[in-house]
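Here is how the chains run, residue by residue.
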Amino acid sequence: MTAEPILTISGLNVDYGTGANGVRALRDIDLTLHRGEVLGLAGESGSGKSTLAYAVTRLLSPPGVITGGDVHYHRPGGGEPVDILSLTPDELRAFRWQELSIVFQGAMNSLNPVHTVHSQLTDVLTAHRPGMRAAERTARAEELLTLVGISADRLAAYPHQLSGGMRQRVMIAMALALEPEIVIMDEPTTALDVVMQRQILRKLVELRERLSFSVVFITHDISLLIEFSDRIAIMYGGRIVEQAGAAEIYRDPRHPYSDGLLHSFPALHGPRRELTGIPGSPPHLSAMPTGCAFHPRCGKAFEPCAERVPALAPPDAGQDREVACWLHH
Ligand code: SF4
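Being a predicted model, the structure only gives us computed values, none of them experimental.

1. Structural notes on unusual backbone geometry
Inference 1: Put simply, Pro-62 and Pro-63 share a cis peptide bond, and its omega is 10°.
Inference 2: Inspection of the secondary structure assignment puts Pro-63 in the loop between helix H1 (49-56) and strand S4 (64-73).
Inference 3: One non-glycine residue with positive phi stands out, namely Asp-28, at about 45°.
Inference 4: You can see Asp-28 is positioned in strand S2 (residues 23-34).
Inference 5: Take Asp-28: its relative accessible area is 48%, and that puts it in the partly exposed class.
Inference 6: Positioned with a positive phi, Arg-58 is a non-glycine residue whose angle comes to about 60°.

2. Description of the pattern of salt bridges
Inference 1: By the definition in use, this model includes 20 salt bridges.
Inference 2: Ionic pairing is found between Glu-44 and Arg-297, a salt bridge with its closest N-O pair at 2.9 Å. Taken together, the residues Glu-44 in the loop between strand S3 (38-42) and H1 and Arg-297 in the loop between helix H9 (256-262) and strand S11 (322-323) connect sequence positions 253 residues apart. Side by side, Glu-44 and Arg-297 carry an identical accessibility label, which is buried.

3. Description of the sheet that holds strand S9 (residues 231-236)
Strand pairing in a sheet is mediated by backbone hydrogen bonds. Such pairs are either parallel or antiparallel.
Inference 1: On the basis of which strands lie adjacent, the open sheet formed by seven strands has the order S6-S7-S8-S3-S9-S10-S11 and mixed pairing. Looking at which strands have only one partner, the edges of the open sheet turn out to be strand S6 (100-103) and S11.
Inference 2: Sheet analysis places S3 next to strand S8 (residues 214-219), joined by five bridges and oriented parallel. By the bridge assignment for S8, Val-38 is matched with Val-215.
Inference 3: Against the sheet, H1 makes contact with S3, S6, strand S7 (182-186), S8 and S9, and its axis sits at roughly 145° relative to S7, the strand it touches most.

4. Let's talk about the pairing of S3
Inference 1: In terms of burial, S3 is a largely internal element, five of the five residues being buried.
Inference 2: Residues Val-38, Gly-40 and Ala-42 point to one face of S3 and Leu-39 and Leu-41 to the other, with burial holding for every one of them.
Inference 3: In this sheet, S9 lies alongside S3 in parallel orientation, the contact comprising four bridges. Each bridged residue has a counterpart across the sheet, and for Leu-39 the counterpart in S9 is Arg-231.

5. Remarks on the site of the ligand
Inference 1: Lining the immediate environment of the ligand, one finds His-255, Pro-256, Cys-292, Phe-294, His-295, Cys-298, Lys-300, Ala-301, Cys-305, Cys-325, Trp-326 and Leu-327.
Inference 2: Partitioned by chemical class, the residues of the shell around the ligand number nine nonpolar, two polar and one charged.

6. What to know about the domain arrangement of the protein
Inference 1: Along its sequence, the protein is carved into domain 1 (5-92 + 182-275) and domain 2 (110-179).
Inference 2: Inter-centroid distance (C-alpha atoms) of domain 1 to domain 2 is 26 Å.
Inference 3: In this assembly, 13 residues from domain 1 lie in contact with nine residues from domain 2.
Inference 4: Between domain 1 and domain 2, a total of about 910 Å² is buried, with carbon and sulfur atoms accounting for 79% of that surface.
Inference 5: Of all residues in domain 1, the largest losses of buried area upon contact with domain 2 belong to Ile-200, Lys-203 and Leu-207, amounting jointly to 40% of the total for that side.
Inference 6: Taken together, domain 1 and domain 2 are joined by zero residue pairs in polar contact (both at pLDDT 80 or more).
Inference 7: When contributions to the side of domain 1 that touches domain 2 are tallied by element, the ones reaching two or more residues are S7 and helix H6 (194-211).

Thresholds applied
- Residues numbered from 1 in each chain as written.
- Predicted model: local features only at pLDDT ≥ 70, side-chain atom pairs only at ≥ 80, totals over all residues.
- Heavy atoms only, no water.
- Helix = DSSP H or I, 4+ residues; strand = E, 2+ residues; numbered from the N terminus.
- Buried < 20%, exposed > 50% of the residue type's maximum accessible area, 1.4 Å probe, protein only.
- Salt bridge = Lys/Arg side-chain N within 4 Å of Asp/Glu carboxyl O.
- Pairing = 2+ DSSP bridges.
- Contact = heavy atoms within 4.5 Å.
- Axes fitted to C-alpha atoms, helices over the stretch in contact; angles between N-to-C directions.
- Near = heavy atom within 4 Å.
- Nonpolar A, V, L, I, M, F, W, Y, C, P; charged D, E, K, R; others polar.
- Domains from an automatic or database assignment.
- Buried area = accessible area lost by both parts, 1.4 Å probe.
- Polar contact = N/O pair within 3.5 Å; in protein donor to acceptor, adjacent residues only side chain to side chain.

In structure tokens:
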């Protein structure tokens, strides 16, 4: 894997609402996706994972508003980075699907029940590749379906004739239709059983290796990320609290919250871990604790934790990982 960045997010802030009713949902997010990488984004509900996906793709709807920071897309082959937050609506329309596509939560239920898979896959091509002839669109739709492991003869099927896993794979095929450089997947497999989740992720990683796109994979299930990601960023209270290689997070989580997440899901592979969970509940955006937002739930909290926010920084000089915890700074 090369270390060349394809998406850089710096100092990103997102608020919901303004003035006295406003709450901050994302705080100072710095994150880099590298070319060809699977970057996992983990955290409990309300940690800001989906807000980050919506902000980066400019799909945040009111009252969500980006109040600071930058998001840049770096085209393969160099050139000026694209400032995503400054794209005009027309530029944005061309940018989405072609350069970056997103598969949403519950996407498998968003296929239109009265249209065949063929019609829905070719619709994307009709909208974005107007010069393509009907026969070429059908051939591409067949190719896409085969790519995600579904027989091309299922093109004539309606969504209700497919299993949940197949519908989800159709959504992935749709996301790959225009060969984007980046695919963002927001809890795409949560509604599926654990075996199907892994089958789909295995397929995604295989496709990534063949087609060399980069993936941001969002889930609350860190055990999935350990298996399928190259790197993992953990979010809590709208901040990134730790980021490191997936193997490093698994072997040696530095943030007590990462450690708690790892002990909240059974691992399908590797040594057994005792499941202990994390006491308490995630903070509400309107009542974010002072200092380290995790301190009311942290068994290791000590003197500075309730007062000062720890910066996200390498725990030791020169390390290629970062953690925001006073235990390490
Ligand atoms: Fe726990 Fe303090 Fe580290 Fe926060 S900064 S995770 S409260 S030890």
